[in-house]
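Examining the three-dimensional arrangement
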Amino acid sequence: MTKGKQVQSVRGMHDILPEDQKYWRYIQKKIESLLEFYGFERISTPVLEQAELFQRAVGETSDIISKEIYTLKTKGGDTLALRPEATAPLVRAYLENGMNVRPHPVKLYVIDPMFRHDEPQAGRYRQFYQLDVETIGDGSEAVDAELIFLAYKLLESLGLENYCVHINSIGDQNCRPAYIKALKDYFKHRSKKLCANCKIRLKENVLRILDCKEADCKEAVKESPQMVDFLDEQCRLHFKHVLEFLDEAKVPYILNPYLVRGLDYYTRTVFEIIPDDAESSQATLLGGGRYDKLIEQMGGVKTPACGWAMGFERIIMAMKAANINVPEIGPKPKIFLVQLGEAPKRKALPLFESFRKAGIEAKTSLGRDSIKSQLRMAHRLGVRFALIFGQKEALDGTVIIREMDTGIQETIPLEKIVDEVKKRLKA
Ligand code: AMP
């Protein structure tokens, strides 16, 4: 066989190595215990969906659809998309599986990979994992507040500090058109100052100018009209009550009049959680909002809903930067089985299995041969006892138990070794 060129991973996609798995497991456990206590149930949807689902739900002018979506054509001629976000698939699953007849609100969460063909950089990947939390079927302010509260508490339970909720209301279909008109009038007079993208946004989706990261556009945004001044009475009261709930729950927040978020489906409350020292948009830990029109737009009956999504990779980056310690996966081993030679190696597997059955945490290394290297490993793992199983012991039906601290050894009959270890571990 000729030596071939090594195949590399796809740009922007990364492996999650064994040493990082502990973060994933730790975060997942925290999510499960918090969300399940608050009545959320986990759901998983396929990686592939009809591309049309996202075009209809997320909006053609959003970055996700206009630039970042991965699509593919099947042999049968369907156009499918790798899921770039979780809300549209979740709404599809809710409608398709008749979950609309369940008692409402339906509270769901998703932990799955998302795919976006964005420019890769620190904290921005083309495949990344999201936790997505959604409450469907309740339009009350308490739901927005509960979701924001849970996001805040989740970060707190992970040991993160110094982050804040940024919040705004973008109104609804009744009051937003007047705001959009005012924004258009405002930016029309400043269009020369806008970047090329924002010149297009001015025609297609003027709200998106508000979260442009270009310095000149940011400058132009500074004096622009604010949605709060355009909210109708119902939207204004909704927003006021959400803030009162947050005050009561002691969740700190910053009113950010220019927070709009990139997707078309949001109504009323939108929010993000951002570290206090964030210098770039890649630092945003999570974001979400209310989407009272989406389910109707996707073919269901009028059903209010609200939710948010958090990126696992960003959270892990923040945890590492804050030196947050995460427990190692799996309990610490108590014994190490050292095996020497062919016959012991063959018999070592059933012997090792007898410790698993007895609930005694053990480690072994069937590939290694020298007693020195195996004892070194046992030492590194910090086990209390090494069991030495060589040619003589295999022949005699015995095993040597060695106390690691003192080096004292004793030979024990094979059939009694599990009980002997149990006795010594108790002592
Ligand atoms: P979004 O769906 O864009 O509102 O993103 C919600 C959260 O997902 C963000 O706050 C990030 O934590 C995470 N996220 C979004 N895009 C990426 C990406 N390309 N790479 C890694 N994490 C991401």
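Residues numbered from 1 in each chain as written. Predicted model: local features only at pLDDT ≥ 70, side-chain atom pairs only at ≥ 80, totals over all residues. Heavy atoms only, no water.

**Observations regarding the packing of aromatic side chains**
In the structure shown here, the tally under the stated rule is nine aromatic pairs. Arranged with centres 5.2 Å apart and planes meeting at 15 degrees, the rings of Trp24 and Phe312 form a pair that is stacked. Here Trp24 is found in helix H1 (residues 18-37), whereas its partner Phe312 is found in helix H11 (residues 312-321), with 288 residues between them in sequence. Note on Tyr265 and Tyr266: the rings are 5.0 Å apart at their centroids and 65 degrees apart in plane angle, and the pair reads as edge-to-face. The pair Tyr265 / Tyr266 is uniform in exposure class, with both members buried. An aromatic cluster is present here, built from Trp24, Tyr129 and Phe312 joined pairwise through their rings. One residue, Arg190, lies across the ring of Tyr186, its end atom 3.7 Å from the ring centre. (Phe/Tyr/Trp six-rings, centres within 6.5 Å; stacked < 30°, edge-to-face > 60°. Helix = DSSP H or I, 4+ residues; strand = E, 2+ residues; numbered from the N terminus. Buried < 20%, exposed > 50% of the residue type's maximum accessible area, 1.4 Å probe, protein only. Lys NZ or Arg CZ within 6 Å of the ring centre and 35° of its normal.)

**As for the packing of H1 against helix H5 (residues 141-157)**
Two elements in contact, H1 and H5, have axes separated by 10 Å at closest approach and are oriented at 140 degrees. Judged by the angle between their axes, H1 and H5 are oblique. The handedness of the crossing between H1 and H5 is right-handed. Two secondary-structure elements touch here, H1 through Tyr26, Lys30, Ile31, Leu34 and Leu35 and H5 through Leu150, Lys153, Leu154 and Ser157. Here the residues of the contact of H1 with H5 are counted per class, giving six nonpolar, one polar and two charged. (Axes fitted to C-alpha atoms, helices over the stretch in contact; angles between N-to-C directions. Parallel < 35°, antiparallel > 145°, perpendicular 65-115°, else oblique. Left-handed = near helix turned anticlockwise from the far one by under 90°. Contact = heavy atoms within 4.5 Å. Nonpolar A, V, L, I, M, F, W, Y, C, P; charged D, E, K, R; others polar.)

**What about the site of the ligand?**
Taken together, 13 residues are adjacent to the ligand, and Arg116, Tyr125, Arg261, Leu285 and Gly311 come closest. Thr284 places a polar main-chain atom, nitrogen or oxygen, 3.1 Å from an oxygen atom of the ligand. Interatomic distance of 3.4 Å between a backbone N/O atom of Leu286 and an oxygen atom of the ligand. Burial of the ligand by the surrounding chains reaches 88%, relative to a free accessible area of 480 Å². Where the shell around the ligand is concerned, the elements lending two or more residues are strand E6 (127-136) and strand E11 (305-311). The class makeup of the residues in the shell around the ligand is five nonpolar, four polar and four charged. (Near = heavy atom within 4 Å. Polar contact = N/O pair within 3.5 Å; in protein donor to acceptor, adjacent residues only side chain to side chain. Areas by Shrake-Rupley, 256 points an atom, 1.4 Å probe, with all protein chains shown as cover.)

**Things to note about the pairing of strand E12 (residues 335-339)**
Along E12, five of the five residues are buried, which leaves the element largely enclosed by surrounding structure. Residues Ile335, Leu337 and Gln339 line one face of E12 and the alternating positions Phe336 and Val338 line the opposite face, and both faces are buried. The pairing of E12 with strand E13 (residues 362-364) spans three bridges and is classified as parallel. Along E13, the bridge assignment pairs Leu337 with Thr364. Of the crossover connections in this fold, the one passing from E12 over helix H12 (residues 342-357) to the parallel E13 is right-handed. (Pairing = 2+ DSSP bridges. Right-handed = clockwise from strand over helix to strand, strands pointing away.)

**A word on the environment of Val301**
Mapping Val301 onto the fold places it in the loop between helix H10 (294-297) and E11. Under the relative-accessibility criterion, Val301 is labelled exposed at 62%. Along the backbone, Val301 and Glu156 are 145 residues apart, and their C-alpha atoms lie at a distance of 37 Å. Beyond its immediate sequence surroundings of up to four residues, Val301 is in contact with Ile295 and Glu296.

**Comments concerning helix H7 (residues 196-204)**
All of the buried residues along H7 are Cys198, Arg201 and Leu202. Mapping the buried residues of H7 onto a view down its axis gives an arc of 110 degrees, with all of them on the same face. Within H7, the exposed residues directed more than 90 degrees away from the buried face are Ala196, Lys203 and Glu204. As for H7, its buried residues are in contact with helix H3 (63-68), helix H6 (176-188) and helix H8 (215-221). (Arc of directions from axis to C-beta.)

**Focus on the nonpolar core**
Core analysis: the biggest nonpolar cluster contains 101 residues, and Ile31, Leu131, Phe187, Trp308, Met310 and Met319 have the highest contact counts within it. If you tally residues by element for this core, the top one is H5, at ten residues. Sequence-distant contacts of Phe187, that is, excluding residues within four places in its chain, are made with Leu194, Leu202, Val206, Ile209, Leu210, Ala220, Val221 and Ser224. Core analysis: the second largest hydrophobic core is formed by 17 residues, Ile335, Leu337, Ile360 and Val399 among them. (Core = buried A, V, L, I, M, F, W, Y, C linked by side-chain atoms within 4.5 Å.)

**Some details on the side chain of Arg201**
Note on placement: Arg201 falls in helix H7. No salt bridge is formed by the buried Arg201, whose closest oppositely charged neighbour, Asp63, lies at an N-O distance of 4.1 Å. In this structure Arg201 touches Asp63, Val206, Arg208, Ile209 and Cys212, once residues within four positions along its chain are discounted. (Lys, Arg positive; Asp, Glu negative; His and termini not counted. Salt bridge = Lys/Arg side-chain N within 4 Å of Asp/Glu carboxyl O.)

**Observations concerning the layout of surface pockets**
In this structure, the second largest pocket encloses a volume near 440 Å³. Lining the second largest pocket are 21 residues, with Pro275, Asp277, Ala283, Ala318 and Ala321 sitting closest to its centre. Of the residues assigned to the lining of the second largest pocket, the class counts are eleven nonpolar, five polar and five charged. (1 Å grid on protein atoms, 1.4 Å probe; cavity = no way out; pocket = protein on both sides within 12 Å on 5 of 7 lines; lining within 4 Å. Points joined across faces, edges and corners; volume = space filled by probe spheres on them.)

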